[in-house]
Amino acid sequence: MNNVKVLSDEIVDQQTSQERFLEILLKNRGLDKNFLEKIDVKDIRPTDFGIKQKDFDKAIDLIKESIKKQEKIIIYGDYDVDGITSTALVWKAIFPKNKNVKPIIPDREKDGYGLNTKTVENYCQKNDFWPELLILVDNGIVAQKEIKKLKKKINKIIIIDHHLKNDLKNEADAVIHSPDTSASVLSYLVARFFEPKTNCELATLGLIGDMANIANVFNRNIAIEGIKLINQGKNIGVKKILEISGTDNKKADEWTVGFVIGPRINASGRMGDATRALRLLSFSDETILEKLAIELETENKNRQTEERKIMDKFLSKNYESEKIIVEIDNIHPGIIGLLAGKLCERFGKPSIVVTNINKEIYKGSARSIEGFDITKFLRKNEDLFESLGGHKSAAGFSIKAKNFSKWLKRIKKTNSTIKAKAVTLSCDAKMKLGAVKIKNFEFIKSLKPFGEGNKSPLFLFEKLRIIDKRTIGKDQSHLKIWVDDPKTSAVERMVVEGIGWGKNKETTNLKIGDMVSVVASLNLNEYMGKRQVELMVKEIMF
């Protein structure tokens, strides 16, 4: 059972005004009303993300020059949703003006994390296509060695990246870099210069999928506009993903992006060739797109099956050390990041999962807790890695087998004095059942999209009585409850429904009549013309 922390001393009830409710929610997130400022996406500039205009202009001028001369161009991306959408945005903007532009999406298993010089060279040799300009999207900011090698054969290199910098000098000809957003947003800013009709739908997929800070007012407005475009079905490939998954694209929101669209795009690289997702987002032939969407749907289901088996095995263990380091033989590299994330979330400790993809190379993925920079920690042993990059909270790397045991010894000796953070549910405030109203749900909805920096509000409901309960779902793993507040007068008393996904196993001893406390968010249930607010239960304490 998780610990519960209530961020506000105030209790939200029927008398709480919406203005006061807003003040509570913003204060809990360290935000002010500027967060709600509406900005036309067309007015957002590189400088809004801390990028110097001269740096942006330099990159634009290099691309303009290559288009004018019809030079060969390669766009080298990444195999996750941010890298794939970034590649699609830049390629779609340049291709109509210069057909000599080719995209490369590296293979997660063969090519590894970040820029791989051999991958670029092999592609160029195989296709007899040596570019005058190489554009690196969602990678490159820490690839100094690789860029130095490639500069011997490629005249111009541009970086468009959001990952954390290191202290080494970069020999790229132009750099567009900001850790304040996603690579897809930076790529969108570049793409719309060459194709003014470029919209921010794909940028939103990378922004939310890569968990960029949605509390940033510019990111927030891009996400709002992008979600509108998804609901309008502007990108046919995205529309097909939703159709094949059985999701209503007219009601898409940030959850749809993060848990339906993103995982299916990521599945293309986790379980096979990520170039398929690039085609899905870039082409317009509906027959081809439907076939690709079906492939990704199937692979996402396969990924879920494989993931479930591995999760069950490793999440049931106890981990005593301050850092969790798990070595698994011969699993698909696409699964290790998911496991690292689940371990970190479950145990409140930095977690690193490593697998041997062949006899020579190990791949690793790391996730971390708040206050512990996992990329900075891994860089203490950067001399042992073949590639390494990431953010404060997540990193990926590859390491030669001959260096793996040496790295393990070093990392276990490192005195990092990490304190495991108890997994805590942070609630915005205590709430009375009487405040579970449509007007409050609609008000909370006005703060969307939720994500990093602007979490979906949770509330603590105390001393509720279980009026009824039942199990639901095909495997009976979910719980539905009906609760009331016995301290409320009979005239004012209301019964509220609640849904706890996956909560049945945790609550087998729960009985009708029990007094409980519930942590939940508010959700609007619409069925046969009836609209009522229900509780989406995260925790039941009894």
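Worth saying up front: this structure is predicted, and the values here are computed from it rather than measured.

**Remarks on the overall build of the chain**
Phase 1: What the chain contains, in helices and strands, is 16 helices and 19 strands.
Phase 2: Its C-alpha atoms give the chain a radius of gyration of 25 Å, within 12% of the compact-globule value 24 Å for 542 residues.
Phase 3: Dimensions of the chain, computed from the C-alpha atoms along their principal axes, are close to 80 × 55 × 45 Å.
Phase 4: Pairs at least 24 apart in sequence give 68% of the contacts found in the chain among residues at least 6 apart.
Phase 5: As presented, the chain carries roughly 26000 Å² of accessible surface, and 48% of it is formed by carbon and sulfur atoms.
Phase 6: Put simply, the chain has 93 plus and 75 minus side-chain charges, and the middle of one group is 2 Å from the middle of the other.

**Digging into the sheet that holds strand 12 (residues 394–400)**
Phase 1: If you walk across this open sheet you meet the five strands as 8-9-10-12-11, and the pairing is mixed. Sheet topology places strand 8 (324–329) and strand 11 (385–390) at the edges, where each strand pairs with a single neighbour. Sheet twist, expressed as the average angle between the axes of neighbouring strands with direction ignored, equals 15°.
Phase 2: In the packing of helix 15 (residues 401–413) onto the sheet, the strands contacted are strand 8, strand 9 (351–356), strand 10 (361–367), strand 11 and strand 12, and the crossing angle to strand 12 comes to about 130°.

**Things to note about the side chain of Ser86**
Phase 1: Assignment of secondary structure puts Ser86 in helix 3 (residues 81–94).
Phase 2: Of the polar contacts made by the side chain of Ser86, one reaches the backbone nitrogen of Ser184; its length is 3.0 Å.
Phase 3: Excluding anything up to four places from it in sequence, Ser86 contacts Val137, Ala183, Ser184 and Ser187.

**Points about the packing of helix 11 (residues 275–282) against helix 12 (residues 286–315)**
Phase 1: Where helix 11 meets helix 12, the axes come as close as 9 Å, and the angle between the chain directions of the two elements is 140°. One way to sum up the angle between helix 11 and helix 12 is to call them oblique. The way helix 11 lies across helix 12 gives a crossing that is left-handed. Contacts between helix 11 and helix 12 involve Arg276, Ala277, Arg279 and Leu280 from the former and Leu289, Leu292, Ala293, Glu295, Leu296 and Glu299 from the latter.
Phase 2: Looking at the contact of helix 11 with helix 12 residue by residue, the class counts come to six nonpolar, no polar and four charged.

**As for the environment of Lys54**
Phase 1: Tracing the backbone through its elements, the reader meets Lys54 in helix 2 (residues 53–68).
Phase 2: Take Lys54: its relative accessible area is 60%, and that puts it in the exposed class.
Phase 3: As a C-alpha pair, Lys54 and Leu281 span 227 residues in sequence and 31 Å in three-dimensional space.

**Quick notes on the pattern of salt bridges**
Phase 1: Within this structure, the stated rule accounts for 26 salt bridges.
Phase 2: Between Lys153 and Glu121 there is a salt bridge; the shortest N-O distance is 3.9 Å. Note that Lys153 is positioned in the loop between helix 5 (144–150) and strand 6 (156–161) and Glu121 in helix 4 (residues 117–127), a separation of 32 residues in sequence.
Phase 3: In this structure Lys153 comes out as partly exposed when scored by relative accessible area, which is 48%.

Rules and cut-offs
- Residues numbered from 1 in each chain as written.
- Predicted model: local features only at pLDDT ≥ 70, side-chain atom pairs only at ≥ 80, totals over all residues.
- Heavy atoms only, no water.
- Helix = DSSP H or I, 4+ residues; strand = E, 2+ residues; numbered from the N terminus.
- Rg over C-alpha atoms; globule rule 2.2 N^0.38 Å.
- Contact = heavy atoms within 4.5 Å.
- Areas by Shrake-Rupley, 256 points an atom, 1.4 Å probe, with all protein chains shown as cover.
- Lys, Arg positive; Asp, Glu negative; His and termini not counted.
- Charge placed at Lys NZ, Arg CZ, Asp CG, Glu CD.
- Pairing = 2+ DSSP bridges.
- Axes fitted to C-alpha atoms, helices over the stretch in contact; angles between N-to-C directions.
- Polar contact = N/O pair within 3.5 Å; in protein donor to acceptor, adjacent residues only side chain to side chain.
- Parallel < 35°, antiparallel > 145°, perpendicular 65-115°, else oblique.
- Left-handed = near helix turned anticlockwise from the far one by under 90°.
- Nonpolar A, V, L, I, M, F, W, Y, C, P; charged D, E, K, R; others polar.
- Buried < 20%, exposed > 50% of the residue type's maximum accessible area, 1.4 Å probe, protein only.
- Salt bridge = Lys/Arg side-chain N within 4 Å of Asp/Glu carboxyl O.

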